Amino acid sequence: MDKSLSFKERLLFANQYEILSRLANDKYEKEQYENLRDIFSSGYSRYYSFATEHFSDEVSDEECKFVIDVLNLYRDLYYSREHSEEAQNLIEEENVLFKGFDLNDSLEVKYFSFYKFLVEQLGRYGEIKELMDSGKIEDYNSHGFGPSMDRLTKMISKRNEILERDKYHRHDDLTIKEINEILNV
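Notes on the structure follow. (Residues numbered from 1 in each chain as written. Predicted model: local features only at pLDDT ≥ 70, side-chain atom pairs only at ≥ 80, totals over all residues. Heavy atoms only, no water.)

A tally of helices and strands in the protein chain yields eight helices and zero strands. Going from N to C terminus, the protein chain has its helices and strands arranged as α-α-α-α-α-α-α-α. For 185 residues, the compact-globule estimate of 2.2 N^0.38 gives 16 Å, and the C-alpha radius of gyration of the protein chain, at 23 Å, exceeds that figure by more than 25%. Taken along the three principal axes of its C-alpha coordinates, the protein chain extends 70 × 30 × 30 Å. Of the contacts formed within the protein chain by residues at least 6 apart in sequence, a portion of 63% connects residues at least 24 apart. (Helix = DSSP H or I, 4+ residues; strand = E, 2+ residues; numbered from the N terminus. Rg over C-alpha atoms; globule rule 2.2 N^0.38 Å. Contact = heavy atoms within 4.5 Å.)

The structure is reproduced here in structure tokens:
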């Protein structure tokens, strides 16, 4: 948070935390809001960051699009396999399940949080919740067992190339050959 705020900005923050302290349900929460109120009303710039310490870095539009592209990729892979008995016999289910993003990789933490937000809070990609409930996917964290970001980028590019190839005469599902092209980039 900026180390220098105008009097007006400090007044707005102090008033907001005063209101929140009055609405707080427990003693600890009330105390936290009162402390923040005092920090801004007194101008203790060293501690302004206390107000944003639980904020994560901003997830850019490009990063959001990447996560959505990854989820769409795996949705296509999974359902294409599910809709074909031959594909089920030739392609291991594990290969078409998205394992999540790795919380041990600082670059993937932002992807992880947006991914979880999409599924948990917005209710998108319901098949992921179903796969978790069935035990086929462990959780949102790949624990390092998913593909690298570089490989995911190549897989998305290959999927887009395949979809563009036959965009006017294609079926909804990917063929076995197309699934393998994507998985083997």
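A separate point is the packing of aromatic side chains. Throughout the structure, instances matching the rule amount to 15 aromatic pairs. Ring geometry for Phe 66 against Tyr 111: centres 5.1 Å apart, planes inclined by 45 degrees, an arrangement best described as tilted. Here Phe 66, found in helix α3 (residues 61–82), pairs with Tyr 111, found in helix α5 (residues 109–121); they are 45 residues apart in sequence, far enough to count as distant. Across the pair, Tyr 111 and Phe 66 agree in class, each one buried. Centroid distance Phe 101 to Tyr 111: 5.5 Å. Interplanar angle 40 degrees. Geometry classified as tilted. (Phe/Tyr/Trp six-rings, centres within 6.5 Å; stacked < 30°, edge-to-face > 60°. Buried < 20%, exposed > 50% of the residue type's maximum accessible area, 1.4 Å probe, protein only.)

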